[in-house]
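Architecture and fold: a report
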Amino acid sequence: MSAHDWFVEHRMDYVARTLEESELRTFQDHLARCPECAGEVASIERDLAWLPMGAAPVALRPGLSRRLAEGVLETRGRRWMRRAMPAAMAASLLLGAAGWLAGRLETERLARELQERDRRLAALTDTVSITRGADRVLQASIDMDGREGGILIFDDSATHRWNVVIHGLPPAPAGQVYRFWFICEEKMVPGAEVSAGANPALFTLPMPPEGGKVMGAALTVESLATPPMEPRGRTLAELML
Ligand SMILES: [Zn+2]
């Protein structure tokens, strides 16, 4: 490992403000002398411009999705473990609180909610572990019947997995379903059915085994009756790598 590798590894931490004081000074000092790192940092900052820490936040609704995205992104870096659990648990409790406030006090339903909460916590923990390694974040806004939401893809080239966050989607129209697609060189490959009931929806996908090189992703709304071979419905978002 060369001395420069440390700077390469910690570019995202620098942008995410998770470096220690002394590390920060070392990094800033290096930035002034290294055009390569300066360029990369500027590019990461552009990618993350939608975040509150960026200059021009776009299309992220206030509330849970923002807090969740912050929690997920703030957990990057060496100290991710310490921060990851409180962030995940806080998000999980927030998700659960809505149900509780609605007055659903029946034992059975509470048990189900706890189960669901555990499931979401597991998903969030997985999200955090993948997101910590993400070296690229793609973002697009979604306009669904006047409601503005968004889609975020955390691309982890080390594990070849995508971690996808979709927020602000209204329930799918009757008889329809949201579907995530990989745009591959040869064709569109179905990725996952997106549950709009869980808001934000989180899922992790390995790269598709067929279709050739992955070029991007799309979110469509499809008829439940359509077998998921190719998209036929309306495209809500499209992101190209
Ligand atoms: Zn450098």
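Residues numbered from 1 in each chain as written. Predicted model: local features only at pLDDT ≥ 70, side-chain atom pairs only at ≥ 80, totals over all residues. Heavy atoms only, no water.

**Looking at the overall build of the chain**
Looking only at helices and strands, the chain features seven helices and eight strands. By residue count, 41% of the 241 residues in the chain fall in the buried class. Contacts in the chain between residues at least 24 apart in sequence constitute 60% of all its contacts with a sequence separation of at least 6. When the accessible area of the chain is evaluated, it comes to approximately 12,700 Å², of which 55% is carbon and sulfur surface. (Helix = DSSP H or I, 4+ residues; strand = E, 2+ residues; numbered from the N terminus. Buried < 20%, exposed > 50% of the residue type's maximum accessible area, 1.4 Å probe, protein only. Contact = heavy atoms within 4.5 Å. Areas by Shrake-Rupley, 256 points an atom, 1.4 Å probe, with all protein chains shown as cover.)

**Digging into the packing of aromatic side chains**
Aromatic rings considered in pairs are described by the distance between their centres and by the relative angle of their planes. Applying the stated criterion across every chain yields a total of seven aromatic pairs. Here the aromatic residues Trp-6, Phe-7, Tyr-14 and Phe-27 are joined through ring pairs into a cluster of three or more. (Phe/Tyr/Trp six-rings, centres within 6.5 Å; stacked < 30°, edge-to-face > 60°.)

**Observations concerning the sheet that holds strand β4 (residues 176-184)**
What the four strands build is an open sheet, ordered β5-β4-β7-β8; its pairing is antiparallel. Only two strands of the sheet have a single partner each, and these edge strands are β5 (188-194) and β8 (234-240). Across the sheet, the axes of successive neighbouring strands diverge by a mean angle of 20 degrees, strand direction being ignored. Across six bridges, the pairing between strand β7 (residues 214-223) and β8 is antiparallel. Each bridged residue has a counterpart across the sheet, and for Gly-216 the counterpart in β8 is Met-240. (Pairing = 2+ DSSP bridges. Axes fitted to C-alpha atoms, helices over the stretch in contact; angles between N-to-C directions.)

**Thoughts on the sheet that holds strand β1 (residues 136-144)**
Read from one edge of the open sheet, four strands run β1-β2-β3-β6, paired in antiparallel fashion. Each having just a single partner strand, β1 and β6 (201-206) make up the two edges of the open sheet. Averaged over all neighbouring strand pairs, the angle between strand axes comes to 20 degrees, with direction disregarded. Summarising the sheet, β1 and strand β2 (residues 147-156) pair through nine bridges and their orientation is antiparallel. Across the sheet, Ser-141 pairs through a bridge with Gly-150, a residue of β2.

**Some details on the confidence of the model for the chain**
The predicted model of the chain averages 72 in pLDDT, with 61% of residues at 70 or higher. Per-residue pLDDT stays below 50 along residues 51-70; that stretch engages in 43 contacts with residues further than four places along the chain or on separate chains. Scored below 50 in pLDDT, residues 72-90 makes 39 contacts in the model with residues more than four places away or belonging to other chains. (pLDDT = per-residue confidence, 0-100.)

**Looking at the coordination of the zinc ion**
Each protein donor to the zinc ion is listed here as His-4 (NE2), His-30 (NE2), Cys-34 (SG) and Cys-37 (SG); together their distances run 2.0 to 2.3 Å. Metal-centred angles of 105 to 114 degrees between the four donor atoms at the zinc ion mark the site as tetrahedral. All donors of the zinc ion belong to a single chain; written as a sequence motif, their spacing is H-x25-H-x3-C-x2-C. Across the pair, exposure class does not vary: His-30 and Cys-34 are buried alike. (Donors = N, O, S within 2.8 Å, 3.2 Å for Na, K, Ca; no water. Tetrahedral: all angles 85-135°; square planar, octahedral: opposite > 155°, others 65-115°.)

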